[in-house]
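Below are the chains, spelled out letter by letter.
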Amino acid sequence: MGEHALPGTPRVRLTLRKSARARRISLRISQLDGRVTLTYPDGVPESEALKFAHLKAEWIRQHLQDRPDPAVVQFGQMLPVEGTERRIVPAEGRRVLLRGDEIAVPEGAEAKRLARFLKELARDRLTGACDDYAAMLGRSYSGLTIRDTRSRWGSCSSAGGLMFSWRLILAPSEILHYVAAHEVAHLVEMNHSRAFWAQVERIFGDYREQRRWLRDNGAQLHQYRFDAPVS
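On a predicted model such as this, the values are computed, not experimentally measured, just so you know. (Residues numbered from 1 in each chain as written. Predicted model: local features only at pLDDT ≥ 70, side-chain atom pairs only at ≥ 80, totals over all residues. Heavy atoms only, no water.)

Tallied over the full model, the rule gives 5 aromatic pairs. Residues Trp-166 and Phe-226 carry aromatic rings whose centres are separated by 5.4 Å and whose planes lie at 70° to one another, so their mutual orientation is edge-to-face. Here Phe-226 lies in the segment after strand E13 (224-225) and Trp-166 lies in the loop between strand E12 (161-165) and helix H4 (173-185), a separation of 60 residues in the sequence. The buried category is assigned to Trp-166, whose relative accessible area is 3%. Judged by centre distance (6.0 Å) and plane angle (65°), the rings of Tyr-178 and Phe-204 are edge-to-face. A residue pair is termed long-range when its members are at least 10 positions apart, and Tyr-178 in helix H4 and Phe-204 in helix H5 (residues 194-204) qualify at 26 residues. Among the residues examined, Tyr-178 registers a relative accessible area of 4% and is labelled buried. Each residue in the set Tyr-178, Phe-196, Trp-197, Phe-204 and Tyr-207 is aromatic and connected to the rest through ring pairs, giving one cluster. (Phe/Tyr/Trp six-rings, centres within 6.5 Å; stacked < 30°, edge-to-face > 60°. Helix = DSSP H or I, 4+ residues; strand = E, 2+ residues; numbered from the N terminus. Buried < 20%, exposed > 50% of the residue type's maximum accessible area, 1.4 Å probe, protein only.)

So, in structure tokens, the structure goes:
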């Protein structure tokens, strides 16, 4: 891959990717982190691909402008937890607590402490969901990992290892459960065939609404930044 940029303000970085499978020049803007990838076939000069990107500059900037702005968590801010908007408030004790429509964080603690609490909550909810769905299929998984992934909400390895984005805890509970069912279903079908989707529906039910919600709203779960102190 090569790195280039569109001139102007703001400067837009382009990631160039030559692909033997590509049949035409194409642009993709990640809904998660806004990365702009320009893919072009073998045999097409890089200069021609860049010319294509320059012609699409207005379209690229408009799509980037429509993405949600990053939000650094701080006291007084609303943060969705399991789909419920909760106000971040100072805690009286030394623990992070969920109480009604609030999430209390010890005053002076860093935002990463709140992130750590959310990661553990996500692990708890996902482990329970995966245990239930795996039992329904009569299968077992080898382990469960929580990460802050940008390209996918979950995955299942050929060895039965499950991985999930902890930011699913910010989504409504049924969204987290749908992703859990999706990855557990891969323990039976390591593909996205009709047989796979039949397994998802067997253990979760009609998943279409949840799949649509994640496609339309998933990028918003990545707008929250936990790399600065709560203040």
